[in-house]
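So you can see what is in the structure, the chains are spelled out below.
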Amino acid sequence: MFKALTIAGSDSGGGAGIQADLKTFQELDVYGMSAITAVTAQNTLGVQGVQPISKEMIAAQIDAVAQDLGVDALKTGMLFSSDIIITVAEKIRHYGWNKVVVDPVMIAKGGAPLLQQEAVTAVKEKLLPYAFIVTPNIPEAEELTGLRIQSEADKIEAAKKLISYGVKNVIIKGGHDENTNESIDLLFDGKDSYTFTSHRINTKNTHGTGCTFSASITACLAKGLSVYESVVIAKRFITAAIEADLELGSGHGPTNHWAYKRKAGITV
Ligand SMILES: Nc1ncnc2c1ncn2[C@@H]1O[C@H](COP(=O)(O)OP(=O)(O)O)[C@@H](O)[C@H]1O
Ligand SMILES: Cc1ncc(COP(=O)(O)O)c(N)n1
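Definitions and limits used
- Residues numbered from 1 in each chain as written.
- Chains lettered and ligands numbered in written order.
- Predicted model: local features only at pLDDT ≥ 70, side-chain atom pairs only at ≥ 80, totals over all residues.
- Heavy atoms only, no water.
- Helix = DSSP H or I, 4+ residues; strand = E, 2+ residues; numbered from the N terminus.
- Rg over C-alpha atoms; globule rule 2.2 N^0.38 Å.
- Buried < 20%, exposed > 50% of the residue type's maximum accessible area, 1.4 Å probe, protein only.
- Areas by Shrake-Rupley, 256 points an atom, 1.4 Å probe, with all protein chains shown as cover.
- Lys, Arg positive; Asp, Glu negative; His and termini not counted.
- Charge placed at Lys NZ, Arg CZ, Asp CG, Glu CD.
- Near = heavy atom within 4 Å.
- Polar contact = N/O pair within 3.5 Å; in protein donor to acceptor, adjacent residues only side chain to side chain.
- Pairing = 2+ DSSP bridges.
- Nonpolar A, V, L, I, M, F, W, Y, C, P; charged D, E, K, R; others polar.
- UniProt positions renumbered as here; feature names shortened; annotations may be inferred.
- Contact = heavy atoms within 4.5 Å.
- Axes fitted to C-alpha atoms, helices over the stretch in contact; angles between N-to-C directions.
- Parallel < 35°, antiparallel > 145°, perpendicular 65-115°, else oblique.
- Left-handed = near helix turned anticlockwise from the far one by under 90°.
- Core = buried A, V, L, I, M, F, W, Y, C linked by side-chain atoms within 4.5 Å.

**Re the overall build of the protein**
- Within the protein, the secondary structure is distributed over nine helices and nine strands.
- Expected size for 268 residues packed as a compact globule is a radius of gyration near 18 Å; at 17 Å, the protein falls within 12% of this value.
- Expressed as a percentage of its 268 residues, the buried residues of the protein come to 53%.
- Per element, the accessible surface of the protein, about 11700 Å² overall, is 52% carbon and sulfur.
- If the 25 positive side-chain charges of the protein are averaged to one point and the 29 negative ones to another, these points end up 3 Å apart.

**Notes on the site of ligand 1**
- Surveying the vicinity of ligand 1 reveals 17 residues, the closest of which are Lys-173, His-176, Ser-183, Asp-185 and Thr-209.
- Lys-109 is positioned such that a nitrogen or oxygen atom in its side chain is 3.0 Å from an oxygen atom of ligand 1.
- In the environment of ligand 1, an oxygen atom lies 2.7 Å from a nitrogen or oxygen atom belonging to the side chain of Lys-173.
- Summarising the interface, the protein chains cover 94% of the accessible area of ligand 1, which totals 550 Å² for the free molecule.
- Residue assignment for the shell around ligand 1 shows that the elements contributing at least two residues are strand S8 (182-188), strand S9 (193-199), helix H7 (209-222) and helix H8 (227-243).

**Overview of the pairing of strand S3 (residues 46-52)**
- Pairing analysis gives six bridges linking strand S2 (residues 31-43) to S3, with the strands arranged antiparallel. From the neighbouring strand, Thr-40 faces S3, where its bridge partner is Val-50.
- Two successive antiparallel strands, S2 and S3, enclose a turn made up of two residues.

**Details of unusual backbone geometry**
- With a phi angle near 65°, Asp-29 is a residue other than glycine that sits in the positive phi range.
- What makes Asp-29 exposed here is its relative accessible area of 53%.
- The phi dihedral of Phe-80 is positive, around 70°, even though this residue is not glycine.
- Mapped onto the elements, Phe-80 comes out in the loop between strand S4 (73-76) and helix H3 (82-95).

**Some thoughts on the site of ligand 2**
- Close to ligand 2 lie 16 residues; Gln-42, Lys-109, Gly-208, Gly-210 and Cys-211 are nearest.
- Here an oxygen atom of ligand 2 and a backbone polar atom of Gly-210 are 3.2 Å apart.
- Cys-211 is positioned such that a nitrogen or oxygen atom in its backbone is 3.1 Å from an oxygen atom of ligand 2.
- For ligand 2, the protein covers 96% of the area, taking 370 Å² as the surface of the free molecule.
- Counting residues per element, the shell around ligand 2 draws most heavily on H7, which supplies three residues.
- The residue inventory of the shell around ligand 2, partitioned by class, reads six nonpolar, nine polar and one charged.

**Concerning the UniProt feature "domain: Pyridoxamine kinase/Phosphomethylpyrimidine kinase" (unreviewed entry) in the protein**
- UniProt feature "domain: Pyridoxamine kinase/Phosphomethylpyrimidine kinase" (unreviewed entry): in the numbering of this structure it lies at residues 11-256.
- When the span residues 11-256 is considered, its composition is 40% helix and 20% strand, and the gap between its end C-alpha atoms is 15 Å.

**With respect to the side chain of Glu-142**
- Locating Glu-142 in the fold gives a position in helix H5 (residues 138-145).
- Within polar-contact distance, the side chain of Glu-142 engages the side chain of Arg-148 at 3.2 Å.
- Beyond its immediate sequence surroundings of up to four residues, Glu-142 is in contact with Leu-147, Arg-148 and Ile-149.

**Remarks on the packing of helix H2 (residues 55-68) against H3**
- Here H2 crosses H3 at 25°, and the two axes come no closer than 9 Å. Overall, the two elements H2 and H3 adopt an arrangement that is roughly parallel. At the point where H2 passes H3, the crossing takes the right-handed sense. Counting all contacts with H2, which are made through Lys-55, Ile-58, Ala-59, Ile-62, Asp-63, Ala-66 and Gln-67, the residues of H3 involved are Asp-83, Ile-84, Thr-87, Val-88, Lys-91 and Tyr-95.
- Of the residues in the contact of H2 with H3, the class split is seven nonpolar, two polar and four charged.

**Things to note about the nonpolar core**
- Of all hydrophobic cores here, the largest spans 50 residues; its most connected members are Leu-5, Trp-97 and Leu-128.
- The leading source of residues in this core is H3, at five residues.
- Each residue touching Leu-5, except ones within four places of it in the same chain, is listed here: Phe-25, Met-33, Ser-34, Ala-35, Val-65, Val-71, Ala-73, Leu-74, Lys-75 and Trp-97.
- Counting residues in hydrophobic clusters, the runner-up holds 24 residues, among them Ile-217, Ala-219, Val-227 and Ile-238.

Written out as structure tokens, the structure is:
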């Protein structure tokens, strides 16, 4: 039995955040647990409200899981404020967890801020030193490094800068690069870089792609796969989920978390 923890925000619409993470863990046969950092009132049209959870309650959720159930790997998603980031980083240090996936969630697809601007420094200085892998999209990588990313060489430069903050591995996701008909994710392990390419799927239903991708990596790390192997599976998982996207709601719909398993011919 492999166990994964997500420390992230709740998306009432079920496509992103904690809900996407738990669905993904389940589909990859990993037992999922959660520590909720903020509750959002959210649907495919946007974010209608955000209520952060107190840092004491976040710490209590993490302790509850750590002291009884155990954690093989964890991911962080929406962390909202510097206070929450510092609380989570302190717990990661305290429990000595090292399979830590940091998805530096900043802005929802509809444009709503999920991280306060003044908290970007805390991500860099307090959280990234504990990250085994960080999974920014292009705008997040630009914000964290101050670099412009327009080419593969730029992605490598940005990844090197992120490594200098103490991260072990970086994957810069290509979902936002709409100048190509491919979606290219670049993994850098501090020495070598690898690209993972899929055709660009023409859909507006990409709500929660980043959460789902980083949750897949977390589930695979929990099972003992290498970072490279984990990204291979995560890319297959997210591509299948976007290809079989769900026409739900009238805005940016969710991806299909059961598509990967169905594609593999596994039906219940
Ligand atoms: N239209 C698309 N077609 C194929 N893959 C996509 C598409 N949009 C995003 N992806 C993939 O989904 C994952 C998440 O990427 P991205 O959308 O950049 O992250 P985020 O949700 O954090 O903005 C990456 O593996 C990326 O390549
Ligand atoms: C609670 C929560 N967490 C994260 C996201 C980002 O979603 P995406 O994966 O599409 O960037 C979101 N919209 N809501």
